[in-house]
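Notes for the structure review
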Amino acid sequence: QVQLIESGGGLVQTGGSLRLSCAASGRTFSNYPMGWFRQAPGKEREFLGSISWTWSGPNYADSVKGRFTISKHNTRNTIYLQMNSLKPEDTAVYYCAAKAGVPGPWVYWGQGTQVTVSS
């Protein structure tokens, strides 16, 4: 059974930083992308960025480019989301996701971790 488990969320002040982790188990996503999304209250789920174990580098949504960085730890089957210069509008539940094939939809999802940025 595939599981994605996020951790690292919490409360931070404006301008602060947080690093989220997403540990995958049940299969190795060695060839398929993993990514980060977020959903704020009353809003649709938003794609933040993704990374592949074999591609040249991550890609990001314009809304977070330059502030958020996605990285990976190959042997731990884990990806990270480093968030800097956080703003109150970054408050949301953050989700990790993974694909089962390329091309294809985001099939696997974590349970989400809450990030709250206070002003």
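Keep in mind that what you see is a predicted model, and the values were worked out from it rather than measured.

Considering the sheet that holds strand β7 (residues 68-73)
Pairing between the strands of a sheet is mediated by backbone hydrogen bonds and can be parallel or antiparallel. Ordered by their spatial adjacency, four strands build an open sheet running β1-β3-β8-β7, and the pairing between neighbours is antiparallel. The two strands at the open ends of the sheet, each matched to only one other strand, are β1 (3-7) and β7. Pairwise comparison of adjacent strand axes, ignoring direction, gives a mean angle of 20° for this sheet. Both β7 and strand β8 (residues 78-83) contribute to a ladder of six bridges, which runs antiparallel. Paired with I70 across the bridge in β8 is L81.

Some thoughts on the nonpolar core
One finds M34, W36, F68, L81, M83 and Y94 to be the most contacted residues of the largest nonpolar core, which totals 24 residues. The set of elements that each furnish at least two residues to this core consists of β3 (18-25), β4 (34-39), β5 (46-51), β7, β8, β9 (92-99) and β11 (113-118). Excluding its chain neighbours within four sequence positions, the residues that come into contact with M83 are G16, S17, L18, L20, R67, F68, Y94 and V115.

Here we look at the pairing of β1
Here β1 shows one buried face, formed by L4 and E6, and one open face, formed by Q3, I5 and S7. When β1 meets β3, the two strands line up antiparallel, connected through five bridges. Counted as the bridge partner of L4 is A24 from β3.

Structural notes on the packing of aromatic side chains
In this description, a pair of aromatic rings is defined by centroid distance and the angle of the planes. All told, the structure shown has four aromatic pairs when counted by the stated rule. When the ring of F37 is compared with that of F47, the centres are 5.4 Å apart and the planes differ by 70°; the resulting orientation is edge-to-face. Placement of the pair is F37 in strand β4 and F47 in strand β5, with a sequence separation of ten residues. Here F47 and W106 contribute two aromatic rings whose centre-to-centre distance is 6.4 Å and whose plane-to-plane angle is 35°, an arrangement assigned as tilted. Separated by 59 residues along the polypeptide, F47 in strand β5 and W106 in strand β10 (residues 106-109) bring together distant segments of the chain. With relative accessibility at 29%, the residue F47 sits in the partly exposed group. Over the ring of Y95 we find R45; its NZ or CZ atom is 4.0 Å from the centre of that ring.

Each value, and the rule that gives it
Residues numbered from 1 in each chain as written. Predicted model: local features only at pLDDT ≥ 70, side-chain atom pairs only at ≥ 80, totals over all residues. Heavy atoms only, no water. Pairing = 2+ DSSP bridges. Helix = DSSP H or I, 4+ residues; strand = E, 2+ residues; numbered from the N terminus. Axes fitted to C-alpha atoms, helices over the stretch in contact; angles between N-to-C directions. Core = buried A, V, L, I, M, F, W, Y, C linked by side-chain atoms within 4.5 Å. Buried < 20%, exposed > 50% of the residue type's maximum accessible area, 1.4 Å probe, protein only. Contact = heavy atoms within 4.5 Å. Phe/Tyr/Trp six-rings, centres within 6.5 Å; stacked < 30°, edge-to-face > 60°. Lys NZ or Arg CZ within 6 Å of the ring centre and 35° of its normal.

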